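Structural description and commentary
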Amino acid sequence: MQKTIFITGASSGLGKSTAKLFHANGWHVIATIRDPEKENELKELPNVTIVQLDVTDSEKIKNTISEVLKSHSVDVVLNNAGYGLIGPLEAFTDEQIQIQVQTNLFGVINVTRAFIPYFRERKSGMFINITSTFGLMGYPTCSIYNATKFAVDGFSEGLAYELAQFGISVKVVAPGGMQTNFAGRSLQAGMHEAYAQLVAKVSEGYSEEQIANYTKAEDVAKIIYDAATDNREQLRYIAGNDANGLYQERLELTPEGQFEKIRFQFIF
C-alpha cells in the first residue's frame, strides 16, 4: 500500500530534495509551499500534490490540514519549513524576532497539533522535525535561531513521550551546514557596528571553501528517508560530517567544555 508524506517548506533546498526522494521511492508526497505559482518542478511529478500553506498562519494550518485529511491518508509529517535569522541580538527588530519564532517554532507546533488527533485515532503515524546543529549547541550571532531550534528539539523529545502510548513516533533530524540556498534565500542577517569584529570572525566559517565541504541536501534527505523507514525507536538523527563532529565533541568535552572551547575562539 502506498504511503504518504506531508512536507512543509517544499519549494526549495532540503524540502524539495526530500519530496523528490520520497517520490522516487514510490511515496505519495503532499508538498506544501507558500507560493505554489512559483513552483514548476514538483508540479510535473505524478503522485505529488501541491498545497498552498504559510506556516505562520495558525488558522490556515488548521483548515488546510483538515481539508487534506478529508481526501488523503497521511503516514509521516515532515516539519521542514524554516529559515535562519543570523546576527547579534541588538540588530533585530521585534517583528524580525517574532516572525522567526512564529515560523521555526510555532509553525512546527501548530502543524503537529493539527495532525495529532488523526494519528491518535489511527494509532500510528510519525512526525519528523528538522532542527539543526544549532539546535544542539549555541553559536555566536545565532541566538534567536538557536532559541527556535533548541525549542523544537525539546518540544520533540517531550512530545515523543506523550505520543508513544498511541503508536505515534517523533523524530528529529539535525543537519549541519548544507549546500543549499539557505545562505541566500533562507537566511536573514542583521548588523550592528558594535559587533563588527565578532561578525567578521564568525563569517570566516561561511567562506566558499567551507560551504563546498558542507553536506548536500540530497544526502540529508536520505537520512530523513532512513528515519521514516528504519523502524527504530531513535529520537535524534545527526546529519552531515560537520554536524556529527560537533555533536561528538559536545559529548566528549561535555556541553560546558564545548562552551569554553568556542567562547575562547571569540574573545578579542
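A brief report on the enclosed structure follows.

Conventions used here
Residues numbered from 1 in each chain as written. Predicted model: local features only at pLDDT ≥ 70, side-chain atom pairs only at ≥ 80, totals over all residues. Heavy atoms only, no water. Helix = DSSP H or I, 4+ residues; strand = E, 2+ residues; numbered from the N terminus. Contact = heavy atoms within 4.5 Å. Core = buried A, V, L, I, M, F, W, Y, C linked by side-chain atoms within 4.5 Å. Buried < 20%, exposed > 50% of the residue type's maximum accessible area, 1.4 Å probe, protein only. Pairing = 2+ DSSP bridges. Right-handed = clockwise from strand over helix to strand, strands pointing away. Polar contact = N/O pair within 3.5 Å; in protein donor to acceptor, adjacent residues only side chain to side chain. Salt bridge = Lys/Arg side-chain N within 4 Å of Asp/Glu carboxyl O. Axes fitted to C-alpha atoms, helices over the stretch in contact; angles between N-to-C directions.

On to the side chain of Thr 133. You can see Thr 133 is positioned in the loop between strand S6 (125-130) and helix H4 (143-163). Those residues within four positions of Thr 133 in sequence are excluded, and the remaining contacts are Ala 174, Pro 175, Gly 176, Ala 243 and Leu 246.

The biggest cluster of nonpolar side chains holds 27 residues, and the ones touching the most others in it are Ile 5, Phe 22, Val 29, Ile 128, Val 173 and Ile 224. Looking at this core, the elements that each hand over two or more residues are strand S1 (4-7), helix H1 (13-24), strand S2 (28-33), strand S4 (76-79), S6, helix H7 (217-229) and strand S9 (236-239). With six residues, the top contributor of residues to this core is H7. Excluding residues within four positions of it along the chain, Val 29 makes contact with Ile 5, Ile 7, Ala 19, Phe 22, His 23, Asn 47, Val 48 and Thr 49.

Attention now moves to the pairing of strand S7 (residues 168-175). For S7, the buried fraction is high: eight of the eight residues fall into the buried class. Here S7 shows two buried faces, one formed by Ile 168, Val 170, Val 172 and Ala 174 and the other by Ser 169, Lys 171, Val 173 and Pro 175. Judged from the six bridges that link them, S6 and S7 form a sheet pairing that is parallel. Paired with Ile 130 across the bridge in S7 is Val 173. Note on the crossover from S6 through H4 to S7: the handedness is right-handed.

What follows deals with the side chain of Asn 104. Mapped onto the fold, Asn 104 is located in helix H3 (residues 94-122). Taking the relative accessible area as the measure of exposure, Asn 104 reaches 1% and is therefore buried. At a separation of 2.9 Å, a polar atom in the side chain of Asn 104 contacts the main-chain carbonyl oxygen of Tyr 83. Residue contacts for Asn 104: discarding those within four places in its chain leaves Gly 82, Tyr 83, Tyr 145, Thr 148, Lys 149 and Val 152.

Okay, the pattern of salt bridges next. Following the criterion strictly, the structure yields 14 salt bridges and no others. Lys 16 serves as the salt-bridge partner of Glu 41, at 3.4 Å between the closest nitrogen and oxygen. Taken together, the residues Glu 41 in the loop between S2 and strand S3 (48-52) and Lys 16 in helix H1 connect sequence positions 25 residues apart. Glu 41 sits in the partly exposed class, given a relative accessible area of 39%. Here Lys 20 and Glu 41 are joined by a salt bridge, their closest N and O atoms 2.8 Å apart. Placement of the pair is Lys 20 in helix H1 and Glu 41 in the loop between S2 and S3, with a sequence separation of 21 residues. Owing to a relative accessible area of 34%, Lys 20 belongs among the partly exposed residues under this scheme. Through salt bridges that share partners, Lys 16, Lys 20, Glu 39 and Glu 41 make up one connected network.

Okay, the sheet that holds S2 next. With parallel pairing, seven strands are arranged side by side in an open sheet as S3-S2-S1-S4-S6-S7-S9. This sheet does not close on itself; its edge strands, each paired only once, are S3 and S9. Between one strand and the next, the sheet's axes are offset by a mean angle of 20°, whatever the strand orientation. In the packing of helix H2 (residues 58-71) onto the sheet, the strands contacted are S1, S2 and S3, and the crossing angle to S3 comes to about 150°.

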